[in-house]
Amino acid sequence: MSLQAVRGTRDIFGPEMSAWHRAEQIFRSVTDAFSYSEFRTPMFESTELFKRGIGEDTDVVGKEMYTFEDRGGDSLTLRPEMTAPIVRAMIEHSYLRHHPTTRLWYAGPQFRYDRPQKGRYRQFHQFGAECIGSPYPESDVEVILLANEVLQRVGITKYTLELNSLGTADVRLAYRTALVEYLTSNADGLSVDSQRRITTNPLRVLDSKEERDRAIISGAPLLSSFLDEASSAHLAAVRALLDVAGVSYVMNPLLVRGLDYYNHTVFEFTTNELGTQNAIGGGGRYDPLFAMLGGGDVPAVGFSIGIERLLLLYEAEHGGWGESSINGVYVCAIGDAALLPVHVLAARLRKRGLHVVTDVMRRSVKAQMKDANREQVRWVVMIGEDELAQGTAVVKNMESGEQRTIAQHELESVLL
Ligand code: HAM
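Everything quoted here is computed from the prediction, not taken from an experiment. (Residues numbered from 1 in each chain as written. Predicted model: local features only at pLDDT ≥ 70, side-chain atom pairs only at ≥ 80, totals over all residues. Heavy atoms only, no water.)

Q: Give a description of the overall build of the protein chain that names residues and reports values.
A: Assigned secondary structure in the protein chain consists of 16 helices and 16 strands. Against the globule reference of 22 Å for 416 residues, the protein chain gives a C-alpha radius of gyration of 27 Å, more extended than a compact globule. Each principal axis of the C-alpha atoms in the protein chain carries an extent, and together these give about 90 × 50 × 45 Å. In the protein chain, which comprises 416 residues, the share counted as buried stands at 50%. In the protein chain, 67% of the contacts between residues at least 6 apart in sequence involve partners at least 24 apart. Carbon and sulfur atoms form 50% of the exposed surface of the protein chain, whose accessible area is close to 20600 Å². Side chains of the protein chain carry 44 positive and 54 negative charges; the gap between the two charge centres is 5 Å. (Helix = DSSP H or I, 4+ residues; strand = E, 2+ residues; numbered from the N terminus. Rg over C-alpha atoms; globule rule 2.2 N^0.38 Å. Buried < 20%, exposed > 50% of the residue type's maximum accessible area, 1.4 Å probe, protein only. Contact = heavy atoms within 4.5 Å. Areas by Shrake-Rupley, 256 points an atom, 1.4 Å probe, with all protein chains shown as cover. Lys, Arg positive; Asp, Glu negative; His and termini not counted. Charge placed at Lys NZ, Arg CZ, Asp CG, Glu CD.)

Q: Tell me what's going on with the packing of aromatic side chains, and back it up with residues and numbers.
A: For the structure shown, the criterion picks out 11 aromatic pairs. Centroid distance F27 to F127: 3.9 Å. Interplanar angle 10°. Geometry classified as stacked. On the criterion of sequence distance, the pair formed by F27 in helix α1 (residues 14-33) and F127 in strand β6 (residues 123-132) is long-range, its members being 100 residues apart. Across this residue pair, the class does not change: F27 and F127 are buried. For the pair Y66 and Y113, a centre-to-centre distance of 5.8 Å together with 75° between the ring planes defines the contact as edge-to-face. Residue Y66 is located in strand β3 (residues 66-69), and its partner Y113 is located in the loop between β5 (102-111) and β6; the two are separated by 47 residues in the primary sequence. With a relative accessible area of 43%, Y113 lands in the partly exposed category. A network of ring pairs unites the aromatic residues F27, W105, F127 and F303 as a single cluster. (Phe/Tyr/Trp six-rings, centres within 6.5 Å; stacked < 30°, edge-to-face > 60°.)

Q: How would you sum up the site of the ligand? Please name residues and give values.
A: Close contacts around the ligand come from 27 residues, with E81, Y121, E130, R257 and Y262 the closest. At 2.6 Å, a side-chain N or O of E81 approaches a nitrogen atom of the ligand. Separating an oxygen atom of the ligand from a backbone N or O atom of I280 is a distance of 2.9 Å. Against a free-state accessible area of 660 Å², the protein chains account for coverage of 95% of the ligand. (Near = heavy atom within 4 Å. Polar contact = N/O pair within 3.5 Å; in protein donor to acceptor, adjacent residues only side chain to side chain.)

Q: Tell me what's going on with a nonpolar patch on the surface, and back it up with residues and numbers.
A: Together, M43, F44 and F68 line one region of the surface with nonpolar side chains, adding up to about 280 Å² of accessible area. Positionally, F44 belongs in strand β2 (residues 44-46). (Patch = residues over 30% accessible without salt bridge, like charges linked within 9 Å, V, L, I, M, F, W, Y side chains within 5 Å. Salt bridge = Lys/Arg side-chain N within 4 Å of Asp/Glu carboxyl O.)

Q: If you had to explain the pairing of strand β14 (residues 379-383) to someone new, which residues and values would you point to?
A: Within β14, five of the five residues are buried, which leaves the element mostly enclosed by the surrounding structure. Here β14 shows no split at all, with W379, V381 and I383 on one side and V380 and M382 on the other all buried. Where strand β12 (residues 329-333) lies against β14, five bridges are found, and the strand directions are parallel. In the sheet register, V331 faces β14, and the bridge partner there is V381. Note that β14 and strand β15 (residues 392-397) share four bridges and pair antiparallel. Across the sheet, residue V381 finds its bridge partner in β15, namely V395. (Pairing = 2+ DSSP bridges.)

Q: Before we move on, could you go through a negative patch on the surface and cite the residues and values that matter?
A: On the surface, a cluster of negative charge is made up of E48, E56, D57 and D260. Summarising the element assignment, D260 is placed in the loop between β8 (250-251) and β9 (263-270).

Q: I'd like a rundown of the sheet that holds strand β1 (residues 37-38), residues and numbers included.
A: Taken in spatial order, the eight strands of this open sheet run β1-β5-β6-β11-β10-β9-β7-β8, and their pairing is mixed. Lying at the two open borders of the sheet, with one neighbouring strand each, are β1 and β8. Across six bridges, the pairing between strand β7 (residues 160-165) and β9 is antiparallel. Bridging from a neighbouring strand, T160 pairs with T270 of β9. Lying over the sheet, helix α10 (residues 229-245) contacts β7, β8, β9 and β10 (279-285), oriented at roughly 160° with respect to β7. (Axes fitted to C-alpha atoms, helices over the stretch in contact; angles between N-to-C directions.)

Q: Give me unusual backbone geometry: which residues, what numbers.
A: Look at R257: it is not a glycine, yet its phi comes out positive at around 70°. Counting through the fold element by element, R257 comes out in the loop between β8 and β9. Non-glycine residue H264 carries a positive phi angle of around 45°. Among the structural elements, H264 can be located in strand β9. Given a relative accessible area of 11%, H264 falls into the buried group.

Structure representation (structure tokens):
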């Protein structure tokens, strides 16, 4: 049996890789513009972190974690998301003592034992940002604007920003009681999964995609009518700031998110282009999380974007991964005498920062030109016996086809 990548994991290469690089550059430049710093945490953490941080009754902790015992008998989990690890790190390093308002971003692989399909993988990648320390709606909007800027610069347009408020813990408790009452009286019509969730995590019933659940959900009481004054004011301020920024959004009263740490603002960027995996990114305010992890009362808000879904949407909208930019130089040897000088020249050009390819297969000139085309270089520099004797090189511009002979010491001024 031939060996294959594990189900739900993918190799990334070729033109898709170029699209990843472009997206990664955009993350870096947008986070830089917003003054967010990169933070890296380990790929695995103690299982306890996610149980406490994400919530035992969530799908992520209940069904999707890659949990294993290491050789020392400790229970470890491959990270399914980044917010709990970031908060763990903030508490561990007493980071906020010196940076009371902390702005961080991250990008990296995450692991969830989900049923694989297009846009849903067991190893996937997130890019995200967290603004820690502010209870105010300005920070909610800052992270939304940052995410939106990334989506726009990547070049996607077919998405919607959905917004909701989960209010405070007290608001949710009162709402939960009303919701459980309603769902219990309609339990017979619900799917088995949703029936189970009435006791474990009733708010999650609201994002069920099952046809039979949708009809019942449409008559359910709405959290928005339970919001207290402070929660309503917070939401109104977020909306006003988004309006001022010219960012359009739709209110989705059924948006609850799948992780337990949220309160007040929650949001998702959704699309109709990717079938059932319609969330490209999501996030919200998570004031309770620091306390859940023993870190006291620290307000925070953030989001994560799924990089695979972002790029799938890009591919769907643009009909491909986009052109990788044409650049660089192919240094072509004509005849054996040029073999060594070509490598000396290549080393010289690389030192000047040029992207340089040489032939390592001792191919004919024709085959080298074919190779140069495949490599999508902008220039080909050819050196044969005549050029060696005269200290010249033939330079061909691969875009225009124009070709001329120049002195070797002038090469940099043409190629750079
Ligand atoms: P999340 O909604 O669980 O939030 O994940 C964010 C994004 O990751 C999703 O919108 C989706 O694009 C992508 N994603 C999730 N699961 C998969 C999967 N199995 N395959 C491919 N992509 C996937 C969080 O993780 C929170 N930590 C976001 C956050 C940051 N909240 C506050 N700060």
